[in-house]
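Here are the chains, one letter per residue:
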Amino acid sequence: MKNTFDLIIVGGGPAGLAAGIQAKKAGVEDLLILERDHELGGILNQCIHNGFGLHTFKEELTGPEYAQRYIDQAMELEIPYKLNTMVLDIAREGNEKIVTIMNREDGLVFLRTKAVILAMGCRERPRGALNIPGYRPAGIYTAGTAQRLVNMEGYMPGREVVILGSGDIGLIMARRMTLEGAKVKVVAELMPYSGGLQRNIVQCLEDFHIPLKLSHTVVDIRGKERVTGITIAQVDENRKPIPGTEEFYSCDTLLLSCGLIPENELSGKLGARLSPVTSGPVVNESLETSVEGVFACGNVLHVHDLVDYVSEEAGRAGSHAAEYIRDWDKDRSRDNKENAVRIQTEGGIRYSVPQMIRPEHMEDTVTVRFRVGRVFQDVYVSVYRGEERILHKKRRKMAPGEMEQLVLKKSDLTAAGGLDKIVMKVEEA
Amino acid sequence: MTETRELICINCPLGCGLTVTLKDKEVVKVEGNTCPKGEAYGKKEVTDPTRIVTSTVRVSGGVLPVVSVKTASDIPKGKIMDCAEALKSVQVQAPVAAGDVVLENVCGTGVSVIATKNVSAA
Ligand SMILES: Cc1cc2nc3c(=O)[nH]c(=O)nc-3n(C[C@H](O)[C@H](O)[C@H](O)COP(=O)(O)OP(=O)(O)OC[C@H]3O[C@@H](n4cnc5c(N)ncnc54)[C@H](O)[C@@H]3O)c2cc1C
Ligand code: SF4
């Protein structure tokens, strides 16, 4: 196979597809999408519920339908891709990057490229991290694994189910298992609020009268070969179980929906700086990581709940990668990294993406996405440059499960010289 | 008699909180919505709630054993479980194309169930 490229995209989910489409439209001809699975579309292939694409297509699609729209576009633009191909490593060599891949036909191959877009998505938090005491009998699955089994392999993992964690996948699976004839007895959530979207609480739990117990956790798993029951208990504000609040549920299956983490093994090895909050790379206004010419988008950058935002963000990564390739021969030594304005988040805001902005590289505006650490009602999101408040937006409601965004103007960032940071925070009304 | 109901719009993942005001069982006001869909939803949810149902049906001779499906439009909320039950006995032959009807007039709703994914023959 050919082994030099202008652009290599790692991952063929919605992020990789949208990035490729936009890069090609912006003039990148010599590109390749690499996907380890046997089909394009990523996690959307197993998300058979509807709720995708309302912002982009003004209609409500299921996951596979949404993916197909982008696959069709990629085919129309004749974007080259390789399936069943695992990216094992990305390394720097001068300004170029060497991408190591492996597949059945070609074996182990080294590819050379000017730019890389990381679009590897995320994975579920493994159950080992949950620290549940007791045996490890059969019948314990992550919610995403169960989703794949039911929706793609037609296999029902159990009949009587308890779900730990109220992230979206857990909520979606509560409904899915119910429709397939299982009895979902309870969804227990450690935090005092759900990590999932409100609409999923309504249409996945309330529609089916499935109880959601907030501030609860699993304290005991019964069964040696197969799960036979689960004990949950209420927790106090330090997330410690409160004695005397234990409740036992008989069940044959426990689903764990305890959150997602960006898949950044490759980015870490490459030396891209990772954020301890998002677990994804730290990026600038161009969605470029700390490694020049390596861009990131979608769930590998930070976990998204809306695929529309993934596609939009990935499109931007695609255009920025195209610019980078166009300017390949330019002297970059003057791209003074010290001119970057850092976005500091505090007062309830957990993180922002991007984490920094180079005003001279930004377009007229830049969209900053962020998440809050707890539920807020009737507050303002403010941005300060020194003492000066440059943005003040009212929010009726913000919750940790829902990604927020605001738009910064170039004029706000370039007006004053010597600016090294802006501060974003939540303020009470 | 005036009463209010607090709802969450499920039409899109924004999940706006709605306050629906009813007077003598008639909807007189919907507040809290960000777009017109929210208003329509608020009215409907208190009078005639409906949902899109998504599930899978068995495929024979395909590269996957099941294909994902959805109701082509929303059906009464009270028929969700009947619809799911009806889909259990449906089996289709590969190849299946997204948009193919796998079951007509599910549970007398007048709504068809259609495939949402292509499954080619093995
Ligand atoms: C269960 C669930 C329910 C959701 N529900 C909704 C919803 O109702 N509405 C909505 O709008 N959004 C929803 N989302 C969010 C949205 O689907 C995701 O945010 C989006 O799919 C992320 O796209 P991605 O391309 O970043 O990642 P993915 O779709 O995960 O794609 C990443 C791809 O990279 C590949 N890959 C990873 N590592 C490598 C490697 N080393 N080499 C080669 N390939 C690799 C993977 O195989 C995968 O195909 C949901 C997400 C999940 C998980
Ligand atoms: S009111 Fe409009 S924006 Fe708000 S949740 Fe409903 S459909 Fe979405």
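Scroll up a little and you will see the structure.
Residues numbered from 1 in each chain as written. Chains lettered and ligands numbered in written order. Predicted model: local features only at pLDDT ≥ 70, side-chain atom pairs only at ≥ 80, totals over all residues. Heavy atoms only, no water.

(A) Structural view of the packing of aromatic side chains. Residue and element names in this part refer to chain A. The final tally for this structure, using the stated rule, is five aromatic pairs over all chains. Both rings, one in Phe 57 and one in Tyr 66, keep their centres 5.6 Å apart while their planes meet at 70°; by these two values the pair is edge-to-face. A relative accessible area of 0% places Tyr 66 in the buried class. Feature note: the residues Phe 57, Tyr 66 and Tyr 70 constitute an aromatic cluster, connected by ring pairs. The aromatic ring of Phe 57 is capped on one face by Arg 69, whose charged end is 4.9 Å from the ring centroid. Sitting above the plane of the Tyr 309 ring, Arg 369 keeps its charged end 4.5 Å from the centroid. (Phe/Tyr/Trp six-rings, centres within 6.5 Å; stacked < 30°, edge-to-face > 60°. Buried < 20%, exposed > 50% of the residue type's maximum accessible area, 1.4 Å probe, protein only. Lys NZ or Arg CZ within 6 Å of the ring centre and 35° of its normal.)

(B) Looking closely at the interface of chain B and chain A. Facing 31 residues of chain B, the contacting portion of chain A comprises 33 residues. The interface formed by chain B and chain A contains four salt bridges. Two residues, A:Asp207 and B:Lys77, come together in a salt bridge whose shortest N-O distance is 3.4 Å. Applying the counting criterion to the chain B and chain A interface returns 10 residue pairs in polar contact (both at pLDDT 80 or more). Mapped by element, the contributors of at least two residues to the side of chain B that touches chain A are strand 5 (54-60), strand 6 (66-71) and helix 2 (80-88) of chain B. Looking at side-chain class alone, the side of chain B that touches chain A contains 14 nonpolar, 10 polar and seven charged residues. (Contact = heavy atoms within 4.5 Å. Salt bridge = Lys/Arg side-chain N within 4 Å of Asp/Glu carboxyl O. Polar contact = N/O pair within 3.5 Å; in protein donor to acceptor, adjacent residues only side chain to side chain. Helix = DSSP H or I, 4+ residues; strand = E, 2+ residues; numbered from the N terminus. Nonpolar A, V, L, I, M, F, W, Y, C, P; charged D, E, K, R; others polar.)

(C) Structural view of the site of ligand 1. All names here are of chain A. The full set close to ligand 1 counts 32 residues, and Ala 15, Glu 35, Asn 299, Asp 305 and Val 307 are the nearest of them. The contact in question runs from an oxygen atom of ligand 1 to an N or O atom on the side chain of Arg 36, over 3.1 Å. Contacts to ligand 1 include Gly 51, whose backbone N or O atom sits 3.2 Å from a nitrogen atom. Considered on its own, ligand 1 offers 1000 Å² of accessible surface; in the complex 95% of this is hidden by protein. Elements that contribute at least two residues to the shell around ligand 1 include exactly helix 1 (14-25), strand 3 (50-52), strand 6 (86-93) and helix 8 (307-326). If you tally residues by element for the shell around ligand 1, the top one is helix 8, at three residues. (Near = heavy atom within 4 Å. Areas by Shrake-Rupley, 256 points an atom, 1.4 Å probe, with all protein chains shown as cover.)

(D) Structural detail: the nonpolar core. Formed by 65 residues in total, the largest nonpolar core has its most connected members in A:Leu7, A:Ile90, A:Val99, A:Leu111 and A:Ile117. When near neighbours in sequence (up to four residues on either side) are disregarded, A:Val99 contacts A:Ile8, A:Leu34, A:Val87, A:Asp89, A:Ile90, A:Val109, A:Phe110, A:Leu111, A:Thr113 and A:Val116. Membership of the second largest hydrophobic core comes to 45 residues, among which are A:Ala143, A:Ile172, A:Ala182 and B:Ile75. (Core = buried A, V, L, I, M, F, W, Y, C linked by side-chain atoms within 4.5 Å.)

(E) Representation of the layout of surface pockets in the model. Computed from the structure, the second largest pocket encloses a volume of approximately 860 Å³. Lining of the second largest pocket is provided by 30 residues; of these, A:Lys397, A:Glu402, B:Leu14, B:Gly15 and B:Cys16 occupy positions nearest its centre. Put simply, the parts of the chain that give the lining of the second largest pocket at least two residues each are strand 24 (376-385), strand 25 (388-398) and strand 26 (404-409) of chain A together with strand 1 (2-8) and strand 2 (17-23) of chain B. With five residues, the top contributor of residues to the lining of the second largest pocket is strand 25 of chain A. (1 Å grid on protein atoms, 1.4 Å probe; cavity = no way out; pocket = protein on both sides within 12 Å on 5 of 7 lines; lining within 4 Å. Points joined across faces, edges and corners; volume = space filled by probe spheres on them.)

(F) View of the state of the cysteines. Residue and element names in this part refer to chain A. Under the definition given, this model contains zero disulfides over all chains. Cysteine Cys 47 shares no disulfide, and the gap to the nearest cysteine sulfur, in Cys 122, comes to 9.8 Å. We classify Cys 122 as partly exposed; its relative accessible area is 22%. (Disulfide = S-S within 2.5 Å.)

(G) Just the pattern of salt bridges, in detail. According to the stated counting rule, one finds 36 salt bridges over all chains in the structure shown. Of the charged contacts, one joins A:Arg112 and A:Glu93 as a salt bridge, the two residues approaching to 3.0 Å between their closest N and O atoms. Of this pair, A:Arg112 sits in strand 8 (residues 107-118) while A:Glu93 sits in strand 6; the two residues are 19 residues apart in sequence, bridging distant segments of the chain. If you follow the salt bridges from partner to partner, you end up with A:Asp207, B:Glu45, B:Arg51 and B:Lys77 in one network.

(H) A look at empty space enclosed by the protein. This structure, assessed with the given rule, holds four cavities of 30 Å³ or more. Taken together, A:Asn50, A:Arg175, A:Leu179, A:Gln203, A:Asp207, A:Phe208, B:Arg51, B:Ile52, B:Val53, B:Thr54 and B:Ile80 form the lining of the largest cavity.

(I) The packing of helix 5 (residues 168-179) of chain A against helix 6 (residues 198-205) of chain A, seen in detail. Residues and elements named next belong to chain A. It is the contact of helix 5 with helix 6, at a shortest axis distance of 8 Å, that shows an interaxial angle of 20°. The orientation of helix 5 relative to helix 6 falls into the category roughly parallel. As for how helix 5 packs across helix 6, the hand of that crossing is left-handed. For the pair helix 5 and helix 6, the contacting residues are Asp 168, Leu 171, Ile 172, Ala 174 and Arg 175 in the first and Asn 200, Ile 201, Gln 203, Cys 204 and Leu 205 in the second. When the residues that make up the contact of helix 5 with helix 6 are grouped by side-chain class, the tally is six nonpolar, two polar and two charged. (Axes fitted to C-alpha atoms, helices over the stretch in contact; angles between N-to-C directions. Parallel < 35°, antiparallel > 145°, perpendicular 65-115°, else oblique. Left-handed = near helix turned anticlockwise from the far one by under 90°.)

(J) Spotlight on the sheet that holds strand 15 (residues 229-234) of chain A. Residue and element names in this part refer to chain A. Taken in spatial order, the three strands of this open sheet run 14-15-16, and their pairing is antiparallel. Looking along the sheet, the strands with just one partner apiece sit at the ends: strand 14 (216-222) and strand 16 (247-250). Going across the sheet, the axis of each strand differs from the next one's by a mean of 30°, ignoring polarity. Examined bridge by bridge, strand 14 and strand 15 share six bridges and lie antiparallel to one another. Across the sheet, the residue bridging to Thr 217 is Ala 233, located in strand 15. (Pairing = 2+ DSSP bridges.)

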